Amino acid sequence: MVAALLQLQAHDAALLELETRAAALEARRATLHADRAALEQQAGQARAAAEAEQKRHRDVALRLAAARVELDRRVAAQDAAERLAEVTAAVARVEEGRRAVSALEHESATSRKRTTDLAHRAQQSAARAAAAGAAHAAALTALDAEVAALAESLGPARTRRAALAADVAADLLAPYDRVRRKRPQEAVVPMRGPACGACDTAMPMQRHREMLAATRVEVCEGCGVLLYASA
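Parameters at a glance
- Residues numbered from 1 in each chain as written.
- Predicted model: local features only at pLDDT ≥ 70, side-chain atom pairs only at ≥ 80, totals over all residues.
- Heavy atoms only, no water.
- Pairing = 2+ DSSP bridges.
- Helix = DSSP H or I, 4+ residues; strand = E, 2+ residues; numbered from the N terminus.
- Contact = heavy atoms within 4.5 Å.
- Axes fitted to C-alpha atoms, helices over the stretch in contact; angles between N-to-C directions.
- Core = buried A, V, L, I, M, F, W, Y, C linked by side-chain atoms within 4.5 Å.
- Buried < 20%, exposed > 50% of the residue type's maximum accessible area, 1.4 Å probe, protein only.
- Salt bridge = Lys/Arg side-chain N within 4 Å of Asp/Glu carboxyl O.

Trainee: Please explain the sheet that holds strand S2 (residues 195-196) as it appears in this structure.
Mentor: Whether parallel or antiparallel, the strands of a sheet pair through hydrogen bonds between backbone atoms. Strands sit in the order S2-S1-S4-S3 across an open sheet of four strands; the sheet is mixed. Edge positions in the sheet fall to S2 and strand S3 (217-219), since each of these pairs with one other strand and no more. Across three bridges, the pairing between strand S1 (residues 188-192) and strand S4 (residues 226-228) is parallel. Paired with Val 188 across the two strands is Leu 226, which belongs to S4. Of the strands in this sheet, S1, S3 and S4 are in contact with helix H4 (residues 205-214), which crosses S3 at around 145°.

Rendered as structure tokens:
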């Protein structure tokens, strides 16, 4: 009974190592996908910002063109005015039109510079995403090869685990699996004299002798591991 349980525990330790490696590979894969998605998102945001600013610049250009036409019309009206009141009003309207044109020219220049800057950033972001995409693709290919190689070991190991577990009594396998979920490296521990080999909790001498005589497995009252007595 104890021999079968110890054999299962030894195999579970090796299986745990394989599964830990598999989980690490999956974590690396998730990180690669997340990094690539983040760069693609950044590139998309940069492109959208550049396109939005280009549209804004076109709108400003249209407003500026309309403002210049209106200014020309006001200047012509000023030139045609004869009476003092008409001339005064026309001058005020021309000055207002010139201020509007000046403001739009400044807005257009600012938007033009911002459009150029954002387009440059979008190009850089797209280049980074493309370069990272190629690197990630190569890394994923290598990672897939590692995952495939590990899967060749994991499958048989899990099959072997099932076979070893079948050799352990059901009333012992259940507590073993329960303890192993909390202490994967130390579920079954030998006694150290009359005490637990994991936490040194002492066991009554009579019970220890009974374990030796019957090769029985007991639960440590201190830490909960499964104990067996070795001669």
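Moving on, there is more to tell.
Trainee: Explain the pairing of S1 to me, please; I cannot follow it from the model alone.
Mentor: Every other side chain in a regular strand lies on the same face of the sheet, so the side chains alternate between the two faces. Across two bridges, the pairing between S1 and S2 is antiparallel. For Met 191, the partnering residue across the bridge sits in S2 and is Cys 196. Taking the residues between adjacent antiparallel strands as the criterion, S1 and S2 are bridged by two residues, where Gly 193 takes a positive phi near 70°.

Trainee: Would you mind showing me how to read the nonpolar core here?
Mentor: Across soluble globular proteins, nonpolar side chains have a tendency to be buried as a group. Grouped together as the largest cluster of nonpolar side chains are 16 residues, with contacts concentrated most on Leu 5, Leu 8, Val 168, Tyr 176, Val 188 and Leu 226. Looking at this core, the elements that each hand over two or more residues are helix H1 (2-80), helix H2 (84-166), helix H3 (170-182) and S4. Residues Ala 22, Leu 32, Leu 140 and Leu 143 belong to the second largest nonpolar core, which totals 10 residues.

Trainee: Help me understand the environment of Ala 187 in this model?
Mentor: Mapping Ala 187 onto the fold places it in the loop between H3 and S1. Each C-alpha atom of the pair Ala 187 and Ala 48 lies 57 Å from the other, and the pair is 139 residues apart in sequence. Residue contacts for Ala 187: discarding those within four places in its chain leaves Gln 9, Tyr 176, Val 179, Arg 180, Val 225 and Leu 226.

Trainee: Sorry if this is basic, but what is going on with the environment of Leu 104 here?
Mentor: Locating Leu 104 in the fold gives a position in helix H2. Along the backbone, Leu 104 and Leu 62 are 42 residues apart, and their C-alpha atoms lie at a distance of 9.9 Å.

Trainee: Whenever I open this one, unusual backbone geometry confuses me. Can you help?
Mentor: What you tend to see is this: most non-glycine residues have negative phi, and most peptide bonds are trans. Phi at Asp 200 takes a positive value of approximately 70°, unusual for a residue other than glycine. Relative to the elements of secondary structure, Asp 200 occurs in the loop between S2 and H4.

Trainee: How should I be thinking about the pattern of salt bridges in this particular structure?
Mentor: Oppositely charged side chains can pair when the atoms bearing their charge come close. Scanning the model with the defined rule gives 26 salt bridges in all. A salt bridge links Glu 70 to Arg 74, with the nearest nitrogen and oxygen atoms 2.9 Å apart. Residue Glu 70 and its partner Arg 74 are both found in helix H1; the two are separated by four residues, about one turn of the helix. Note on Glu 70: relative accessible area 25%, which makes it partly exposed.

Trainee: Please clarify how the environment of Leu 227 should be interpreted in this entry.
Mentor: The topology assignment puts Leu 227 in strand S4. Accessibility expressed as a relative area gives 2% for Leu 227, which makes it buried. For the pair Leu 227 and Val 179, spaced 48 residues apart in sequence, the C-alpha to C-alpha distance is 11 Å. Ignoring anything within four residues of it in the chain, the contact list for Leu 227 reads Val 189, Met 191, Cys 196, Gly 197, Met 203, Met 211, Arg 216, Val 217, Glu 218 and Cys 220.

Any functional reading would require information that these geometric values do not contain.
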